[in-house]
Amino acid sequence: MGNTFTWLWALALLHVALGAAVPETDSRIRYDNYAVYKVKYESLAQRNLLQQLAEDRENVWLWHEAKDELHLMINPKSLSEFEAEVLKVNASAEIFIPNVQDLIDIETTDNSRASSDEFGWKRYNSLAEIEAWLDDILARYPVITEGFVVGQSYEGRTIRGIKISYKSGNPGVFIESNIHAREWITSATATWLINQFLTSDDPLVRTLAESHDWYIVPVLNVDGFVYTHEKDRMWRKTRQPSAISSCVGVDPNRNYDSHWMENDGASSNPCAENYGGPQPFSEPEIKAMSEFVASIKDKVNVMLAFHSYSQLLLSPYGHTEEELPPNFDDLMEVAKAYADAVEALPYGTVYRYGTAAGVLYTASGATNDWAYNEQDIQISYTIEFRDTGRYGFILPPVHIVPNAEEALFGIVALLDKCKDLGYLAIKY
């Protein structure tokens, strides 16, 4: 363990010497010399002790959690505490993103270079740009598209979606995107898919688009998404203040009323990144989403919740590892079809799959569990997009189209397998 930290500590001292994060002149929060570490552990006790560090929103941020490792972003001012904690629990750590701000600056530069009046996928688009583009799409394709409103956010923004339907009698696919604010690749992929469904001449895409009804919400967590563009690139949660803490926001993907807060599947600490909220559906965005999906559940055969990062396809259950869903074998067969299709592409990207609790960790109150358990949508997945940690949430714009292509071909295979197994029978 000492050897593990010899070079880490030298780097840590350099980080501290360089200084901690300071606000930018335009008020955006900066992450100068904040580093992301991969911390490997062996026991649940080690994991629980390490997670306690991430309860401190000022110094430690949880980026990713798996069965045997955590990815933690560390404030340079707290590196000594971090080192002591890792030593204390006899875990091991290695740095894989030495300076988060460097990645943010590169992303900003790439976005600026690709900036134009035309909406596209060479850069990440703001909420206002996405909504203007949706307006244009709805105006250009009035026969096959229809806008819908999910509801209103805490800050009063409208949560918008688009339905694409070429003919009656199609099975329905619902895509939820950007429930976590900082996961920009999700809304970029969702809008790219919308464009492909409407404009592609590829026979495979045409069959996919025209054989299903698509309900797509490009940005569910609208307040948080705007906040990541205007203030804090690394923000995850909603923006509703807490009545019991100065910390703001709830993890919206722990706020659905399905096994809410069971089995330590979310935190009760308002400062934690996975805070489940004071009660289920406390967040107006999630309450509205639940009501909208419930109103059309008889038209929805498949629920796909877009996330990043890790390259995973996660089925129910998230709230327990002790029990498997009744159609587990089918869910794994469908997930394998997605993963195989993606890996067969020239990029060779590898996706793993399994239940959320089995592959990662217990997570209760999530979209895919709620859709499966409470709305009887029997094909329901969380899809964690690129990558596995090289860039994490700050995936360079050059990855947008490759990631979206992988999602497209993965969904083709997923729905083909669903059809073979009888899950796309009309429900109404």
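Keep in mind that what you see is a predicted model, and the values were worked out from it rather than measured.

What counts, and at which threshold
Residues numbered from 1 in each chain as written. Predicted model: local features only at pLDDT ≥ 70, side-chain atom pairs only at ≥ 80, totals over all residues. Heavy atoms only, no water. Helix = DSSP H or I, 4+ residues; strand = E, 2+ residues; numbered from the N terminus. Buried < 20%, exposed > 50% of the residue type's maximum accessible area, 1.4 Å probe, protein only. Pairing = 2+ DSSP bridges. Axes fitted to C-alpha atoms, helices over the stretch in contact; angles between N-to-C directions. Contact = heavy atoms within 4.5 Å. Salt bridge = Lys/Arg side-chain N within 4 Å of Asp/Glu carboxyl O. Core = buried A, V, L, I, M, F, W, Y, C linked by side-chain atoms within 4.5 Å. UniProt positions renumbered as here; feature names shortened; annotations may be inferred. Polar contact = N/O pair within 3.5 Å; in protein donor to acceptor, adjacent residues only side chain to side chain. Disulfide = S-S within 2.5 Å. Left-handed = near helix turned anticlockwise from the far one by under 90°. Nonpolar A, V, L, I, M, F, W, Y, C, P; charged D, E, K, R; others polar.

Visitor: Give a detailed account of the environment of Ile175, specifying residues and quantitative values.
Guide: Along the chain, Ile175 falls in strand S7 (residues 172–176). What makes Ile175 buried here is its relative accessible area of 0%. The spatial distance from the C-alpha of Ile175 to the C-alpha of Gly161 is 9.5 Å, given a sequence separation of 14 residues.

Visitor: So what about the sheet that holds strand S5 (residues 145–152)? Which residues, and what values?
Guide: Ordered in space as S5-S6-S8-S7-S9-S12-S10-S11, the eight strands form an open sheet in which the pairing is mixed. This sheet does not close on itself; its edge strands, each paired only once, are S5 and strand S11 (352–355). Strand-to-strand, the axes of this sheet are offset by a mean angle of 20°, without reference to chain direction. As paired elements, S7 and strand S9 (residues 302–308) share four bridges and run parallel to each other. Note on S9: the bridge partner recorded for Ile175 is Leu304. Across the sheet, helix H13 (residues 400–420) touches S7, strand S8 (213–217), S9, strand S10 (312–315) and strand S12 (379–385), and the angle it forms with S9 is around 155°.

Visitor: For the pattern of salt bridges, give the residues involved together with the corresponding values.
Guide: Tallying each qualifying case throughout the model produces 21 salt bridges. Here Arg233 makes a salt bridge to Glu107, at a shortest N to O gap of 2.8 Å. Of the two residues, Arg233 sits in the loop between helix H8 (222–230) and helix H9 (284–296) while Glu107 sits in helix H4 (residues 100–113), which places them 126 residues apart along the sequence. We note that Arg233, like Glu107, is buried. One salt-bridge network, in which partners are shared between bridges, spans Arg30, Asp32 and Asp105.

Visitor: Describe the pairing of S7, listing the residues and the values that go with them.
Guide: Put simply, side chains in a regular strand alternate between the two faces of the sheet. Across the five residues that make up S7, a large majority, five, are buried. Of the two faces of S7, the one carrying Gly172, Phe174 and Glu176 and the one carrying Val173 and Ile175 are both buried. Note that S7 and S8 share five bridges and pair parallel. Bridge assignment links Glu176 to a residue of S8, and that residue is Val217.

Visitor: Break down the nonpolar core for me, citing the residues and quoting the values.
Guide: Among the nonpolar cores identified, the biggest contains 83 residues, and Phe174, Trp214, Leu304, Tyr338, Tyr381 and Leu414 are the most heavily contacted of them. Apart from residues no more than four positions distant in its own chain, Trp214 is found in contact with Ile162, Lys163, Ile164, Val173, Ile175, Phe197, Leu208, Ala209, Ile411 and Leu415.

Visitor: Can you explain the UniProt feature "active site" (unreviewed entry) in the chain? Please cite residues and give values.
Guide: The positions that UniProt labels "active site" (unreviewed entry) are, in the present scheme, Glu384. Tracing the backbone through its elements, the reader meets Glu384 in strand S12. Beyond its immediate sequence surroundings of up to four residues, Glu384 is in contact with His307, Ser308, Tyr309, Ser310, Gln311, Leu312, Leu314 and Tyr351. One polar contact links the side chain of Glu384 to the main-chain amide nitrogen of Ser308, over a distance of 3.3 Å.

Visitor: How would you explain the state of the cysteines if you had to name every residue and give the values?
Guide: For the structure shown, the criterion picks out one disulfide. Between the sulfur atoms of Cys247 and its disulfide partner Cys271 the distance amounts to 2.0 Å. Every disulfide takes its handedness from the sign of the S-S torsion; for Cys247 and Cys271 that torsion is 85°, giving right-handed. Of the two residues, Cys247 is situated in the loop between H8 and H9 and Cys271 in the loop between H8 and H9; the sequence distance between them amounts to 24 residues. The residues Cys247 and Cys271 share a single accessibility class, namely buried.

Visitor: Outline the sheet that holds strand S4 (residues 92–97), supporting the account with residue identities and numerical values.
Guide: The strand order across the open sheet formed by four strands is S2-S3-S1-S4, and the pairing between neighbours is antiparallel. Each edge of the sheet is formed by a strand with only one pairing partner; in this case those strands are strand S2 (60–65) and S4. Within the sheet, the average angular offset between the axes of one strand and its neighbour, ignoring direction, is 30°. By the bridge criterion, five bridges tie S2 to strand S3 (residues 69–74) in an arrangement that is antiparallel.

Visitor: Got a sec to walk through the packing of helix H6 (residues 184–199) against H13? Specific residues and values, please.
Guide: Relative to each other, H6 and H13 sit at 60°, their axes nearing to 9 Å. As H6 runs across H13, the sense of the crossing is right-handed. In this structure, H6 uses Ile185, Ala188, Thr189, Trp192, Leu193 and Phe197 to contact H13, whose residues at the interface are Ile400, Val401, Asn403, Ala404, Glu405, Ala407, Leu408 and Ile411. When grouped by side-chain class, the residues that make up the contact of H6 with H13 number 11 nonpolar, two polar and one charged.

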